[in-house]
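Examining the three-dimensional arrangement
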Amino acid sequence: MDILIVGVGGQGTLLASRILGAYAYAVNQDVKLNEVHGMSQRGGSVVTHVRVGVNIASPTVSAGDADIVLAFEQLEAMRYAHFLKKGGSLVVNTQKIMPMGVITGQCQYPTNTEERLNGEYNKYFIDAESLAEQAGNVKAVNVVMIGALTRILKLDEKVMKSAIENTVPAKFLELNIQAFESGYNYGVQL
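What you see is a predicted model; the values in this text were computed from it and never measured. (Residues numbered from 1 in each chain as written. Predicted model: local features only at pLDDT ≥ 70, side-chain atom pairs only at ≥ 80, totals over all residues. Heavy atoms only, no water.)

This brings us to the pattern of salt bridges. A side chain with one charge can pair with a side chain of the opposite charge if their charged atoms come near. For the structure on display, the rule yields seven salt bridges. With a shortest N-O distance of 2.4 Å, Glu-76 and Arg-79 are connected by a salt bridge. A residue pair is termed a helical-turn pair when its members lie 3 or 4 positions apart in one helix, as Glu-76 and Arg-79 do in helix α2 (residues 74-80) at three residues. Its relative accessible area of 2% is what places Glu-76 among the buried residues. In this structure, Glu-181 engages Lys-161 in a salt bridge whose closest nitrogen and oxygen atoms are separated by 2.7 Å. Here Glu-181, found in helix α8 (residues 173-186), pairs with Lys-161, found in helix α7 (residues 157-167); they are 20 residues apart in sequence, far enough to count as distant. A relative accessible area of 30% means that Glu-181 is categorised as partly exposed. (Salt bridge = Lys/Arg side-chain N within 4 Å of Asp/Glu carboxyl O. Helix = DSSP H or I, 4+ residues; strand = E, 2+ residues; numbered from the N terminus. Buried < 20%, exposed > 50% of the residue type's maximum accessible area, 1.4 Å probe, protein only.)

With a phi angle near 55°, Asn-112 is a residue other than glycine that sits in the positive phi range. With respect to the helices and strands, the residue Asn-112 is situated in the loop between α3 (100-103) and α4 (113-116). Assessed through its relative accessible area of 51%, Asn-112 is described here as exposed. In the Ramachandran plot, Lys-154 falls in the positive-phi region, its phi being about 55° despite a non-glycine side chain. Secondary-structure assignment places Lys-154 in the loop between α6 (141-153) and α7. Accessibility expressed as a relative area gives 72% for Lys-154, which makes it exposed.

In structure tokens:
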């Protein structure tokens, strides 16, 4: 399975990829991660490649080959939807984070994002920001998204929680488990 995780700096794409890597390892799958940091400290685009399977040679997902694009922000979903293969799944946090060009008035944030994402793939939209806030911290969007993805892909919930426990610092564990459960339970509606 080839997964592309996309977002902006500070949204936790790297932690999400490490959680998925820990899950793959726990279910005895080979896993390769490729983290592209870019301008992450300035709110720029961040892309993480996660490849899971048997004898994975390359850590990079090619355009048109991704089974999943897990997008933590709508504009990032638009930027990277072309990585999906026909029949893949696009899982999008409905949050909008204004890039610098929009903030300075040089351009406008795209409208009708959901309608514009019209490829031959499955689409799932989730208000992960609100769910993370309800769980206790808006910064837990990444783990809410992991919860929703776990439900969508019918992954083992207990193994994923264990992967979170093995990846997240202890002082943030309770919050992240609540965030995971929020996303997992929301996934029933998707």
